[in-house]
Amino acid sequence: MWISRLSLRDFRSYPVLDLEFEPGVTTFVADNGTGKTNVVEAVGYLAHLRSHRVAFDAPLVRETAGAATVSALVNRGKRHAAVEVTIQSKGANRARVNRSPVRIREILGLVSAVVFAPEDLSLVRGEPAERRAWIDTLVVARNPRFASVIQDFDRALKQRNALLKRLREERDPGLEATLDIWNMAYADAASELVFGRQRVLADIVDPLKENFAYIAADARLERQGVSATYDSRIDYSQASSAAECRELLLAALERRRATEIDRGLTLHGPGRDDIALMIGSHPAKGYASHGETWSLALAMQLAGWDLLSADAGSSAEQPILVLDDVFAELDSGRRSRLASRITDAEQVLVTAAVDADLPAGLGGARIDQARLLAAGAA
């Protein structure tokens with residue numbers, strides 16, 4: 001898969017931007033603050049319907065505009081599609097495919113991309129929510145219907161928490177009976193999400209190990225091993241289906257019913273789970289050096305790219321790989337290994353502040369600061 005044309009209107013710093021691309025590597029070399037990251041952020045937004053930099057859409061819309069538009073011509077072998085999203089500063093976003101309006105979530109899967117950026121250090125150092133978001137992105141990328149599952153889960157969790165808060169204030173038997181209804185709705189969506197996460201994690205463990213060992217090949221042998229396991233208050237290890245996960249979750253909700261009412265809060269489910277990362281025999285969080293943290297976060301994203309590429313089965317469906325200001329933080333050896341690692345991708349978009357940040361021999365097309373500014377002013 002590759003994008004041959006990207007157009008932005010009132011997106012971030014750009015009133016107008018039109019760029020054309022070829023397959024292979026394209027590097028954006030420009031000063032910080034020029035807007036090169038805005039370009040690759042737009043590609044990631046088309047793939048995931050969210051930014052890798054901010055939690056809300058409002059900052060994506062240029063300050064003087066009410067809406068931003070991101071559109072791209074996407075190529076999958078001999079098939080082509082024009083995909084467009086209009087991002088509203090207020091109100092619901094809209095989407096079009098080949099100029100025909102579609103529901104916003106129908107474009108998920110039409111653009112596939114894996115983005116690695118400095119913000120991804122939080123995958124190792126940050127809170128569990130960061131790692132949950134990482135694996136949920138892969139779950140949805142593998143099967144876009146999970147976007148609705150996550151939406152159902154979020155809705156059920158919100159309603160259930162509101163009910164638990166009311167019960168904390170007033171133990172009304174009729175109101176408490178309603179909790180059983182929301183337990184079922186919550187467990188239905190939560191169990192599907194948990195099982196989807198576990199399937200992704202089972203499939204990504206080997207690519208994760210291989211990528212980390214390759215990137216950190218110059219590290220001490222005992223620091224080249226990495227593992228990732230699903231960390232939950234509920235033991236799902238023997239569950240072989242979403243239905244079995246559901247029964248385990250319902251049983252946990254029943255056991256903690258009184259405690260949850262006293263706390264006014266849901267204490268079990270995918271919103272409380274984590275991905276436990278280990279380097280050697282120690283937890284990555286708190287023990288990993290700066291270089292190890294970068295290498296592990298990069299290995300996680302590359303493993304995701306490997307997973308989606310294997311699912312695709314051909315380069316025509318292979319995700320676009322985006323590396324946003326990544327090489328500057330790596331030593332020369334890891335830069336070279338990463339550069340050789342990405343040559344298999346049909347399209348790679350790389351940003352850097354200066355040429356010195358790029359590994360020697362990284363070929364492909366180049367968009368420099370003057371061209372980027374000219375395209376934005378066109």
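The structure displayed is predicted, hence computed values, not measured ones.

Novice: Mind showing me how you'd approach the packing of helix H9 (residues 290–312) against helix H10 (residues 332–341) here?
Specialist: The description of two helices packed together rests on the angle between their axes and the distance between the axes. As a packed pair, H9 and H10 sit with axes 13 Å apart at the nearest point and diverge in direction by 5 degrees. Compared by their axis directions, H9 and H10 come out roughly parallel. The residues of H10 that touch H9, namely those facing Gly291, Ser295, Leu298, Leu302, Trp305 and Asp306, are Arg334, Leu338 and Arg341.

Novice: Hey, could you run me through the sheet that holds strand E10 (residues 274–279) in this one?
Specialist: Sheet strands pair by backbone hydrogen bonding; their relative direction is either parallel or antiparallel. Read from one edge to the other, the open sheet built from three strands follows the order E9-E10-E11, with strand pairing classed as antiparallel. The outermost strands of the open sheet, each flanked by one partner alone, are strand E9 (226–231) and strand E11 (282–283). Relative to E11, E10 runs antiparallel, the two sharing two bridges. Bridge assignment links Ile279 to a residue of E11, and that residue is His282. In the packing of helix H5 (residues 173–215) onto the sheet, the strands contacted are E9 and E10, and the crossing angle to E9 comes to about 170 degrees.

Novice: Is there a simple way to explain helix H3 (residues 128–142) in this structure?
Specialist: The periodicity of an α-helix, 3.6 residues per turn, causes residues three or four positions apart to be oriented the same way. A rise of 1.5 Å per residue sets the reference length of H3, with its 15 residues, at 21 Å; its end C-alpha atoms lie 21 Å apart and thus fit the reference within 8%. Regarding H3, the residues found buried are Arg131, Arg132, Trp134, Ile135, Asp136, Thr137, Leu138, Val139 and Val140.

Novice: Would you explain the nonpolar core in this entry?
Specialist: In a soluble, globular protein the nonpolar side chains are often hidden away together inside. Ranked by size, the top nonpolar core spans 114 residues in total, and within it Leu6, Leu296 and Leu323 carry the most contacts. Top element by residues in this core is H5. It accounts for 13 residues. With six residues, the next largest nonpolar core counts Leu164, Leu175, Leu179 and Ile261 among its residues.

Novice: Looking at this structure, I do not really get the pattern of salt bridges. What am I missing?
Specialist: Two side chains carrying opposite charge are able to pair once their charged atoms lie near each other. Within this structure, the stated rule accounts for 27 salt bridges. The salt bridge involving Arg257 is made with Glu176; its shortest N-O contact spans 3.2 Å. In this pair, Arg257 is assigned in helix H7 (residues 257–263) and Glu176 in helix H5, connecting sequence segments 81 residues apart. There is no split in this pair, since Arg257 and Glu176 are both buried. One continuous salt-bridge network, built from bridges that share partners, spans Arg171, Glu176, Asp180, Glu254 and Arg257.

Novice: I'm lost on the packing of H3 against H9 in this one. Help?
Specialist: Running from N to C, H3 and H9 point in directions that differ by 10 degrees, and their axes come no closer than 11 Å. It follows from the interaxial angle that H3 and H9 lie roughly parallel. For the pair H3 and H9, the sense of crossing is right-handed. Of the residues in H9, those touching H3 at Trp134, Leu138, Ala141 and Arg142 are Met300, Gln301, Gly304, Leu307, Leu308 and Asp311. Split by residue class, the contact of H3 with H9 holds six nonpolar, two polar and two charged.

Novice: How should the sheet that holds strand E14 (residues 365–368) be read in this particular structure?
Specialist: Pairing is parallel in the open sheet, where five strands are placed in the order E8-E12-E13-E3-E14. Edge positions in the sheet fall to strand E8 (113–116) and E14, since each has one partner strand and no second. The average undirected angle you get between the axes of adjacent strands in this sheet is 15 degrees. Strand direction decides the pairing type here: strand E3 (residues 24–29) and strand E13 (residues 347–352), joined by six bridges, are parallel. Bridge pairing in E13 links Phe28 to Thr351. Strand contacts of helix H1 (residues 36–48): E3, E8, strand E12 (320–324) and E13, with the helix running at about 145 degrees to E13, the strand carrying the most contacts.

Novice: Help me understand unusual backbone geometry, please; the structure alone is not making it clear to me.
Specialist: Where the residue is not glycine, phi is negative for most of them; where a peptide bond is considered, it is trans in most cases. The residue Asn98 is not glycine, and still its phi comes out positive at about 50 degrees. A positive phi is found at Arg99, a non-glycine position, where the angle reads about 75 degrees. Mapped onto the elements of the fold, Arg99 is located in the loop between strand E6 (94–97) and strand E7 (100–102). Arg99 sits in the exposed class, given a relative accessible area of 72%.

Basis of the calculations
Residues numbered from 1 in each chain as written. Predicted model: local features only at pLDDT ≥ 70, side-chain atom pairs only at ≥ 80, totals over all residues. Heavy atoms only, no water. Axes fitted to C-alpha atoms, helices over the stretch in contact; angles between N-to-C directions. Helix = DSSP H or I, 4+ residues; strand = E, 2+ residues; numbered from the N terminus. Parallel < 35°, antiparallel > 145°, perpendicular 65-115°, else oblique. Contact = heavy atoms within 4.5 Å. Pairing = 2+ DSSP bridges. Expected span 1.5 Å × (residues − 1). Buried < 20%, exposed > 50% of the residue type's maximum accessible area, 1.4 Å probe, protein only. Core = buried A, V, L, I, M, F, W, Y, C linked by side-chain atoms within 4.5 Å. Salt bridge = Lys/Arg side-chain N within 4 Å of Asp/Glu carboxyl O. Left-handed = near helix turned anticlockwise from the far one by under 90°. Nonpolar A, V, L, I, M, F, W, Y, C, P; charged D, E, K, R; others polar.

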